[in-house]
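Examining the three-dimensional arrangement
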Number of protein chains: 2
Amino acid sequence: MSIRTRPGADHPRAEQSDDSAPSRRSVLRGAVAGSLAAGSLATGARAAEPTAEAANLPPNIPEWMKAPGAPTGEQPYGLPSPFEKTVVRNISKTLPQTISASSRTPLQDLDGIITPNGLFYERHHGGVPAIDPAAHRLMLHGLVERPLVFTMEELRRFPSQSRIHFLECSGNPVYTKPYGKTASDLVGLVSCAEWTGVPLRLVLAEAGLKPQAKWIVAEGADAAALTRSVPLEKCLDDALLVYSQNGERLRPQQGYPLRLLLPGFEGNMSVKWLRRLKAVAEPAYSREETSKYTDLMPDGSAREFTFIMEAKSIITRPSGGQRLTSTGYHEITGLAWSGRGKVSRVEVSVDGGASWQDAELQAPVLTRALTRFRLPWRWDGQATTIQSRAIDETGYVQPTLADLVAVRGTNSFYHNNAIWPWRIEANGEVSNAQA
Amino acid sequence: MSIRTRPGADHPRAEQSDDSAPSRRSVLRGAVAGSLAAGSLATGARAAEPTAEAANLPPNIPEWMKAPGAPTGEQPYGLPSPFEKTVVRNISKTLPQTISASSRTPLQDLDGIITPNGLFYERHHGGVPAIDPAAHRLMLHGLVERPLVFTMEELRRFPSQSRIHFLECSGNPVYTKPYGKTASDLVGLVSCAEWTGVPLRLVLAEAGLKPQAKWIVAEGADAAALTRSVPLEKCLDDALLVYSQNGERLRPQQGYPLRLLLPGFEGNMSVKWLRRLKAVAEPAYSREETSKYTDLMPDGSAREFTFIMEAKSIITRPSGGQRLTSTGYHEITGLAWSGRGKVSRVEVSVDGGASWQDAELQAPVLTRALTRFRLPWRWDGQATTIQSRAIDETGYVQPTLADLVAVRGTNSFYHNNAIWPWRIEANGEVSNAQA
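In what follows, the accompanying structure is described.

Let us now look at the pattern of salt bridges. A side chain with one charge can pair with a side chain of the opposite charge if their charged atoms come near. All names here are of chain B. A complete count under the given rule lists 42 salt bridges over all chains for this structure. Put simply, D238 and K234 hold a salt bridge, and the shortest N to O gap is 2.9 Å. Taking relative accessible area as the criterion, K234 reaches 5% and is therefore assigned buried. Among the salt bridges present, the one from R340 reaches E310, with a minimum N-O distance of 2.8 Å. Taken as a pair, R340 in the loop between β17 (328-337) and β18 (343-349) and E310 in the loop between β15 (302-303) and β16 (312-317) lie far apart in primary sequence, 30 residues in all.

In structure tokens form, the structure reads like this:
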């Protein structure tokens, strides 16, 4: 075993007087601001000219450098800057908050693919229960050899896995009402996190499934006792019993202390506050898979058990409510995802759909995870419409709203994965092109 | 373009009366708890027997299901459960908080590789400044063709990148004082996040570097005006000017609104609250790269500019301060990382270093990111010592503390990447084997 150091790193420190080095003092004395030239920026970003705001330009010392800042101990659990107080979840004012409510992730203000836990979207059917993890139990029963009850400590003894996956409400957006001004208004019921928990198949193996078992009915410990039926093949595939999200334990709004996670399936099937799993031969036909979360078709039939969230994408910058302040270079960026696996391509149109270009996908592209895409673009100052469409690894192409309506009609409520265009006016204002 | 649905998903919903389905009511009536058998759990996790705690077992309705829970609007920006109030940053009581202070990530309580922003470690030299992003400026000057000053808005116009990287203080842990009880006490000055920002090389290209420029001196806008010299090759490689962390804007403690990020380099070089970059021919020999952050060798010379954090790992569970409550199956899990690239292997010993086994690495393994490892283990109830060692893609093997001391002596303070063993007593208590 060798201890390798950087080549040259073991050289003794050279004798060096403070005078010979470009000390901070001499740099600060330099009349740098006066010599600034506005560069011809290839990216289109403009250099600030030193004008009346010179008090805050680097040769001067801003107020916050003149005295020690806040102590470390002030926030044992940290919070965002007060200057970011508008970056919060977008909460509907019209829904009864403890009966059926939601809050949306501010996608237009976020970067990357990880949604911070404080901004992860919420959807509750009976409010957020305050569960003592020491008193919480998970029961596994029904068509099993050995019915079992687990404490949280026992579940944490199982082999664990961590994976980055998106989670999305199936009503994101409601497609018969193309309301909403921002990306959050439209598709803010999607977020993405690194989840840690136990593969459900390991827990099922402990109980021993009987051959007749074809579905697992999952029940939450909220006041709604939210109940969904999950096909056994999904339970034996990538389903997780999750206790942590982005490193720390689940937030109460995300099912603390335990939730089911069914990657790629509509969000409410990933039952929060999970208390019970029953192995059965037929689905439960619960409220949330019959009167809700089914798609009424033009012929009066209902698509049911439409679990998988199909490929979708949205441009988050520039997006509705934002404004382009100058012509020239802008990065178009957004998010794409598919419940069927990886996103293989995202195409962007900047001319109302007449032509499409491939966007760059941020690596690594992960299965059933948000995928960040980016396209360099020069805006010529003319009014136009921009939009993105995702193609997943199965070859499926995100449809237009017209394509979707042609197949599903207008009675449907859930599973709208249509392309969502943004209108850019000549003054730079960006708005929902279908509102 | 076709709109594909799940095979069979378009079937009309079968007529089904509530009586024929296993309704929630009938399930709850069933005397399931009475039929529980303690399974012979291959994993060692035990099924809870229904005893005096039966009031909380699933056939009964816990208190939190009997009334609606908290409303959605209660937390526009969410927080952890009150039951997790002890999972906070570990703050030294002995350091003057506004002069030179730190707080540590509670690694032993976390899962996966992402550190939530509220628990990301901190290290400040002059407290946390409260910076108004609209007034913040970055100046780029020195050996450049066009000195430039940027607003935050201008920096956000540049092409962006998002990458997951660890960040680590070079004094993690201080190796001449093997104090500390927990994983956080020892190596809690490391965390990992998805960072978004502008490749520094693009910003440098805007200004146009002169051929004499070999270093970039970075200065922070805190009261310490923390200053470090960065070799130009790193600036042109993977350095980022970061404005977002785990999706949202940087927290004040992490440099809001702008920080440098030098993946794999010692943490303080990733200058927070970044206000100035000066291109120079020689390093600045600032306080934090001369009197601090150099390694005093046995012969009296000092290793300086030892930027790269070498391969390291730590078992986080079981770890110091925890207790094994029973023999049988336990998952050993921990974190490994290397400033030189990807972790290629982690070996774990459960017998005091006599033998080593390969742990499983959580995919995807990312360059200069924390890597979660796991090893299934059956504890026989005997006292023993467990430890891990990381091997990175360059072939470098994490050394023992004795190996490190043999080369560096005992004057050194920083860059301790030694193996850290945990002692497990016969009663299950886990403690620092080198304390």
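Attention now goes to the sheet that holds strand β3 (residues 122-124) of chain B. Residues and elements named next belong to chain B. Pairing in this open sheet of three strands is antiparallel, and the strands run β1-β2-β3 from one edge to the other. Each of the sheet's edge strands pairs with one partner strand only, and the pair in question is β1 (90-91) and β3. Sheet topology note: the β1/strand β2 (residues 101-104) ladder contains two bridges and is antiparallel. Note that in β2 the partner of I91 across the bridge is S103.

Take the packing of aromatic side chains next. Residues and elements named next belong to chain A. Scanning the model with the defined rule gives 22 aromatic pairs over all chains in all. Residues F265 and F307 carry aromatic rings whose centres are separated by 5.2 Å and whose planes lie at 15° to one another, so their mutual orientation is stacked. In this pair, F265 is assigned in the loop between β12 (259-261) and β13 (274-280) and F307 in the loop between β15 (302-303) and β16 (312-317), connecting sequence segments 42 residues apart. With relative accessibility at 1%, the residue F307 sits in the buried group. Note that R389 overlies the ring of W356, its terminal NZ or CZ placed 3.9 Å from the centroid.

You can see S162(B) is positioned in strand β6 (residues 161-168). C-alpha of S162(B) to C-alpha of G197(B): the two residues are 35 residues apart in sequence and 6.6 Å apart in space. Apart from residues lying up to four places away in sequence, S162(B) is in contact with G112(A), Q362(A), R374(A), E194(B), W195(B) and T196(B). A distance of 2.9 Å separates the side chain of S162(B) from the side chain of R374(A), its partner in a polar contact. A polar contact is formed between the side chain of S162(B) and the side chain of T196(B), at a distance of 2.6 Å.

Thresholds, definitions, all that
Residues numbered from 1 in each chain as written. Chains lettered and ligands numbered in written order. Predicted model: local features only at pLDDT ≥ 70, side-chain atom pairs only at ≥ 80, totals over all residues. Heavy atoms only, no water. Salt bridge = Lys/Arg side-chain N within 4 Å of Asp/Glu carboxyl O. Buried < 20%, exposed > 50% of the residue type's maximum accessible area, 1.4 Å probe, protein only. Helix = DSSP H or I, 4+ residues; strand = E, 2+ residues; numbered from the N terminus. Pairing = 2+ DSSP bridges. Phe/Tyr/Trp six-rings, centres within 6.5 Å; stacked < 30°, edge-to-face > 60°. Lys NZ or Arg CZ within 6 Å of the ring centre and 35° of its normal. Contact = heavy atoms within 4.5 Å. Polar contact = N/O pair within 3.5 Å; in protein donor to acceptor, adjacent residues only side chain to side chain.

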